[in-house]
Amino acid sequence: MGRLLLRLGLILVILTLALGGIVAYGVHRFHQPGPLDEPLVLLIPRGEGVAAIAKRLEAADVVGHALLFRLGVRLSGNDRALRAGEYAFPAFVSTHEAMTILIEGETVLHKLTVPEGLTTAEVMTVLGGAEGLEGELQTPLLEGELLPETYAYTWGETRESLVLRMQKAMAETLLALWEGRDEGLPFATPLEALTLASLIEKETAVPEERSRIAAVFLNRLKRGMRLQSDPTVVYALTKGSGALGRPLATADLETSHPYNTYRVEGLPPGPIANPGRAAIEAAFHPLATDELYFVADGNGGHVFARTLAEHRKNVRRWQRIRKN
């Protein structure tokens, strides 16, 4: 009987040592570098359980063994802690590190740049083609409500939420700049300033010209002169859908439309695009000048004039440049 107990005890010791060795080996494998030989970005879809995630990681060579990943997750009590999303795994990431990455939820950030001067319809086209964004837009939008900027987002974010961020950014920017505007500007509301900023944005891409063009428009408004801004005619013709696709014709300037500033006095009813911060700042801080006219100079900028005679001379020069 004593020998039997001794043998059983010896077997128990051997089994305990063997089990301990297996556990130690498993812990070692759980923390050692994995098979991934170069960094990898992998999407973990919503709704996948630990088993499905383990298989996905094994198939992508992020981990060497799906079973080891599953055991590590379950034994550490992290069954419900893994988060869906798009993750960047470094080369030779260990199984433990891969689990930690999915628990901490630091997903890959994508960036979407909305250029200054796009109409809202054009911004929606940009959003529609952005990789990783989901859903359709529910919020009705007015022209000029979205701040052109570079926005970071994660895979699976909705277009609706990103648009709401753009709206908030524009509202906050406009309000902050409105508070610091120059005195004596003929704006009754921030919307009027935003409308002028959209004209400035569409008229020039030269940063140094923005405040000067703002001054020209404001000088004309103060004198009761029509703004005669070509981009407003384009907006009237396209209804904000985008570029006209051809040069403006003389007949276009006679288009009967509330946004055609060749026909109507004052500012158009609202913005004709989404202006950037710099154009809004220019509307609030125009250059001190008495200029009333500007026309393209043939080099991407404009030449300015105080008198109609001087302006006509500049126009004839531009026409010769365009013809040649």
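The rules behind the values
- Residues numbered from 1 in each chain as written.
- Predicted model: local features only at pLDDT ≥ 70, side-chain atom pairs only at ≥ 80, totals over all residues.
- Heavy atoms only, no water.
- Helix = DSSP H or I, 4+ residues; strand = E, 2+ residues; numbered from the N terminus.
- Rg over C-alpha atoms; globule rule 2.2 N^0.38 Å.
- Buried < 20%, exposed > 50% of the residue type's maximum accessible area, 1.4 Å probe, protein only.
- Contact = heavy atoms within 4.5 Å.
- Lys, Arg positive; Asp, Glu negative; His and termini not counted.
- Charge placed at Lys NZ, Arg CZ, Asp CG, Glu CD.
- Expected span 1.5 Å × (residues − 1).
- Patch = residues over 30% accessible without salt bridge, like charges linked within 9 Å, V, L, I, M, F, W, Y side chains within 5 Å.
- Areas by Shrake-Rupley, 256 points an atom, 1.4 Å probe, with all protein chains shown as cover.
- Salt bridge = Lys/Arg side-chain N within 4 Å of Asp/Glu carboxyl O.
- Axes fitted to C-alpha atoms, helices over the stretch in contact; angles between N-to-C directions.
- Parallel < 35°, antiparallel > 145°, perpendicular 65-115°, else oblique.
- Left-handed = near helix turned anticlockwise from the far one by under 90°.
- Phe/Tyr/Trp six-rings, centres within 6.5 Å; stacked < 30°, edge-to-face > 60°.
- Lys NZ or Arg CZ within 6 Å of the ring centre and 35° of its normal.
- Core = buried A, V, L, I, M, F, W, Y, C linked by side-chain atoms within 4.5 Å.
- Pairing = 2+ DSSP bridges.

Glancing now at the overall build of the protein. When you go through the protein residue by residue, the secondary structure sums to eleven helices and six strands. Whereas a compact globule of 324 residues would reach a radius of gyration of roughly 20 Å, the protein reaches 32 Å, over 25% beyond that. C-alpha atoms of the protein, sized along the principal axes, occupy 125 × 45 × 30 Å. A total of 324 residues make up the protein; the buried ones form 39% of that total. In the protein, once contacts between residues fewer than 6 apart in sequence are set aside, the share between residues at least 24 apart is 62%. If you average the places of the 34 positive and of the 38 negative side-chain charges in the protein, the two averages end up 2 Å apart.

Before going further, it helps to examine helix 8 (residues 210-223). With 14 residues, helix 8 ought to run about 20 Å at 1.5 Å a step, and its terminal C-alpha atoms sit 20 Å apart, in line with that. Where helix 8 is buried, its residues meet helix 7 (190-203), helix 10 (277-284), strand 5 (293-296) and strand 6 (302-305).

Together, Leu-67, Leu-71 and Leu-75 make up an exposed nonpolar region whose accessible area comes to about 350 Å². Looking at the element boundaries, Leu-67 is found in helix 3 (residues 66-75). For Leu-67, a relative accessible area of 54% gives the class exposed.

Attention shifts here to the pattern of salt bridges. Applying the stated criterion to the full structure yields eight salt bridges. In this structure, Asp-252 and Arg-246 form a salt bridge, with 2.8 Å as the shortest nitrogen-oxygen distance. A relative accessible area of 43% means that Arg-246 is categorised as partly exposed. For Arg-277, the salt bridge goes to Glu-281, with nearest N and O atoms at 3.3 Å. One end of the pair is Arg-277 and the other is Glu-281, both in helix 10 and four residues apart, which spans about a single turn. Given the relative accessible area of 30%, Glu-281 is considered partly exposed.

Where helix 8 meets helix 10, the closest approach of the two axes is 8 Å, and the angle between their N-to-C directions is 45°. Comparing their axes, helix 10 and helix 8 come out oblique. Along this stretch, helix 8 crosses helix 10, giving a crossing that reads as right-handed. Contacts between helix 8 and helix 10 involve Arg-210, Ser-211, Ala-214 and Leu-218 from the former and Ala-278, Ala-279, Ala-282 and Ala-283 from the latter.

Moving on, we come to the packing of aromatic side chains. Summed over all chains, the structure comprises six aromatic pairs. For the pair Trp-178 and Phe-284, a centre-to-centre distance of 6.0 Å together with 70° between the ring planes defines the contact as edge-to-face. Pair noted here: Trp-178 is in helix 6 (residues 159-179) and Phe-284 is in helix 10, with a separation of 106 residues, a long-range link. Plain terms: the ring middles of Phe-217 and Phe-294 are 5.7 Å apart, the flat faces sit at 75° to each other, and that makes the pair edge-to-face. Of this pair, Phe-217 sits in helix 8 while Phe-294 sits in strand 5, and the two are 77 residues apart along the sequence. One exposure class covers both Phe-217 and Phe-294, and it is buried. Cluster of aromatic residues (ring-pair linked, three or more members): Trp-178, Phe-187 and Phe-284. Over the ring of Trp-178 we find Arg-181, and its NZ or CZ is 3.7 Å from the ring centre.

In this structure, Leu-127, Met-166, Phe-187, Ile-200, Phe-217, Ile-280 and Phe-284 are the most contacted members of the largest nonpolar core, which totals 44 residues. Every element with two or more residues in this core is listed here: helix 5 (120-128), strand 4 (150-154), helix 6, helix 7, helix 8, helix 9 (230-238) and helix 10. Considering each element in turn, this core owes the most residues, eight residues, to helix 6. Residues contacting Phe-187, with those up to four places away along its chain left out, are Trp-178, Glu-192, Ala-193, Leu-196, Leu-218, Ala-283 and Phe-284. Core analysis: the next-biggest nonpolar cluster, separate from the first, contains 22 residues, Phe-30, Leu-82, Ala-98 and Ile-101 among them.

Right, let's get into a negative patch on the surface. A cluster of like negative charges, contributed by Asp-37, Glu-38, Glu-58 and Asp-61, occupies part of the molecular surface. In this structure Asp-37 comes out as exposed when scored by relative accessible area, which is 59%.

In this section: the pairing of strand 2 (residues 85-89). Of all five residues that make up strand 2, four are buried, and the element is covered over most of its length. Of the pairings in the sheet, the one linking strand 1 (residues 40-44) to strand 2 comprises five bridges and is antiparallel in character. Pairing of Ile-44 across the sheet is with Gly-85, part of strand 2.

A cluster of basic side chains, namely Arg-312, Lys-313, Arg-316, Arg-317 and Arg-320, defines a positive patch on the protein surface. In this structure, Arg-312 sits in helix 11 (residues 308-323).

Moving on: unusual backbone geometry. Not every positive phi belongs to a glycine, and Phe-92 is a case in point at roughly 60°. With respect to the element layout, Phe-92 can be found in the loop between strand 2 and helix 4 (95-104). Look at Phe-92 and you get partly exposed, because its relative accessible area is 46%. One non-glycine residue, Gln-228, lies in the positive phi region at around 50°.

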